[in-house]
Amino acid sequence: MAAQSDVPMRQRVEEYISKLQDDIVSALEKLDPNAPAFKRDSWLRAQGGRGLSCVFAVPVPPPGVAPQETVLEKAGVNISVVHGMLPPPAIKQMRADHSSIPDIQSSVPFFAAGISLVIHPRNPHAPTVHANYRYFEITETPTEEEQAAGKPGKVIAWWFGGGGDLTPSYLYEEDAVHFHRTIKDACDPHGAAVYPTFKKWCDEYFYIQHRGESRGIGGIFFDDLCADPHRRFAPDDARPKTAEEIFAFVRAAGDAFVPSYVPILERRMRTPSNEHERRWQLLRRGRYVEFNLVYDRGTKFGLMTPGARIESILMSLPETARWEYMSELGTDPESREGKLIEVLKNPREWV
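Everything quoted here is computed from the prediction, not taken from an experiment.

### Quick look at the overall build of the protein
When its secondary structure is counted, the protein shows 11 helices and nine strands. What you see for the protein is a C-alpha radius of gyration of 21 Å, in line with the 20 Å of a compact globule of 351 residues. When the backbone C-alpha atoms are referred to their principal axes, the protein occupies close to 65 × 50 × 40 Å. The buried share of the protein, reckoned over its 351 residues, is 52%. Intrachain contacts of the protein at a sequence separation of at least 6 include 74% that bridge at least 24 residues. Of the roughly 16700 Å² that the protein leaves accessible, carbon and sulfur atoms contribute 55%. With 42 positive and 48 negative side-chain charges, the protein shows a separation of 2 Å between the mean positions of the two kinds.

Structural data, given as structure tokens:
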């Protein structure tokens, strides 16, 4: 059997995200065994690659029939493994966020693999959650010998990115602490600077500038994580630096998803709620849509990629959302809605 280091990173990432997808979907299906199973939708990309979208949605009932009550309202746990040619305009745009990419003036082969998930529960007291972990590499055009052997060309640049954040409609401090504590415990063995650096980055990234508030109560976010110096870390910061160390960190963060979120969902999924709370939940989902369509880099990149699978890219959007003109909800600082807004405007340290 080949040593781990002898197996190409692209293959190891593909195997890992496939297993993680199965683990997460199984945990969610086990939570609500009477609900419809996730729909497994396998697809192929004409330009190269494949994917598996696992999507939860309750079928629309016929007129006069009440919809089935389920823990989840909409959810998706998707993986994609794609490859092809990256044109110069895309390279130029990516160089702004990825310092490891050299200044390339011609199209080059690329490979990208990742898992992306969004869970929108039905109960207003159960928070939405998002996570994604991905690997990207750019290679030289393979030689004739490499092509004959089915091997990619020499890797020019590579990096990992990802993270996850919690987006509640109603703030429960014990949930926020549990979510952040579980993620921090996964980060800490990989360097003392990892969690505080990526938590701060998350607070900055998932920020709705035109609203002056964060999308949720944070988590971690990172990008362009490779062997090169990173602008978010000081040279002597303790952090993963080699490909092996970074992949180990990504696996630890990915494995932390189920224990960080499912206990919260179990705790809140049956909480009594009313129409007022549902209205607020839909308003907060409107904010979620605003961020994803206006600011999210992954959404923008996906929509620009030739042969993009639009249904999978927009899977993150909730099934229902609401926008009100000058809504009064959240304006009273003493209300539960107002207390959430205070945290969204002034991110806190939870652990």
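From this point, the narrative continues.
### So, the nonpolar core
One finds Ile119, Phe160 and Phe249 to be the most contacted residues of the largest nonpolar core, which totals 90 residues. Among the elements that make up this core, the one with the highest residue count is helix H1 (residues 9-31) (nine residues). In this view, Phe249 contacts Cys187, His190, Val194, Phe198, Ile220, Phe222, Leu225 and Pro240; residues no more than four positions away in its chain are not counted.

### Looking at the pairing of strand E6 (residues 155-167)
Where a strand is regular, its side chains alternate between the two sheet faces. Where burial is concerned, most of E6 is hidden: 11 out of the 13 residues are buried. In this sheet, E6 lies alongside strand E5 (residues 128-139) in antiparallel orientation, the contact comprising 12 bridges. Paired with Tyr135 across the two strands is Phe160, which belongs to E6. Relative to strand E9 (residues 219-225), E6 is paired through five bridges, and the arrangement is antiparallel. Among the inter-strand pairings, Gly164 is bridged to a residue of E9, identified as Ile220.

### As for the side chain of Ser312
Inspection of the secondary structure assignment puts Ser312 in helix H10 (residues 310-313). Here Ser312 falls in the buried class, since its relative accessible area comes to 15%. Residue contacts for Ser312: discarding those within four places in its chain leaves Trp43, Ser53 and Asn78.

### Considering the packing of aromatic side chains
Summed over all chains, the structure comprises 22 aromatic pairs. A ring pair is formed by Phe136 and Trp159, whose centres lie 4.8 Å apart and whose planes are at 15°; its orientation type is stacked. Within this pair, whereas Phe136 is found in strand E5, its partner Trp159 is found in strand E6, the two being separated by 23 residues in sequence. Each member of the pair, Phe136 as well as Trp159, is classed as buried. In this structure an aromatic cluster arises from ring pairing among Tyr133, Phe198, Trp201, Tyr205, Phe206, Phe221, Phe222, Phe233, Phe249, Phe291 and Tyr295. Positioned above the aromatic ring of Phe247 is the side chain of Arg251, whose terminal nitrogen or guanidinium carbon lies 4.5 Å from the ring centre. The ring of Tyr172 carries the charged tip of Arg336 above its face, separated from the ring centre by 4.9 Å.

### Topic: the packing of helix H4 (residues 173-187) against helix H5 (residues 194-205)
Following both chains from N to C, one finds H4 and H5 inclined at 130°, their axes separated by 9 Å at the closest point. The angle between the axes of H4 and H5 places the two elements in the oblique class. Residues His180, Ile183, Lys184 and Cys187 of H4 form the contact with H5, whose own contacting residues are Val194, Tyr195 and Lys199. Per-class residue counts for the contact of H4 with H5 are four nonpolar, one polar and two charged.

About the cut-offs
Residues numbered from 1 in each chain as written. Predicted model: local features only at pLDDT ≥ 70, side-chain atom pairs only at ≥ 80, totals over all residues. Heavy atoms only, no water. Helix = DSSP H or I, 4+ residues; strand = E, 2+ residues; numbered from the N terminus. Rg over C-alpha atoms; globule rule 2.2 N^0.38 Å. Buried < 20%, exposed > 50% of the residue type's maximum accessible area, 1.4 Å probe, protein only. Contact = heavy atoms within 4.5 Å. Areas by Shrake-Rupley, 256 points an atom, 1.4 Å probe, with all protein chains shown as cover. Lys, Arg positive; Asp, Glu negative; His and termini not counted. Charge placed at Lys NZ, Arg CZ, Asp CG, Glu CD. Core = buried A, V, L, I, M, F, W, Y, C linked by side-chain atoms within 4.5 Å. Pairing = 2+ DSSP bridges. Phe/Tyr/Trp six-rings, centres within 6.5 Å; stacked < 30°, edge-to-face > 60°. Lys NZ or Arg CZ within 6 Å of the ring centre and 35° of its normal. Axes fitted to C-alpha atoms, helices over the stretch in contact; angles between N-to-C directions. Parallel < 35°, antiparallel > 145°, perpendicular 65-115°, else oblique. Nonpolar A, V, L, I, M, F, W, Y, C, P; charged D, E, K, R; others polar.

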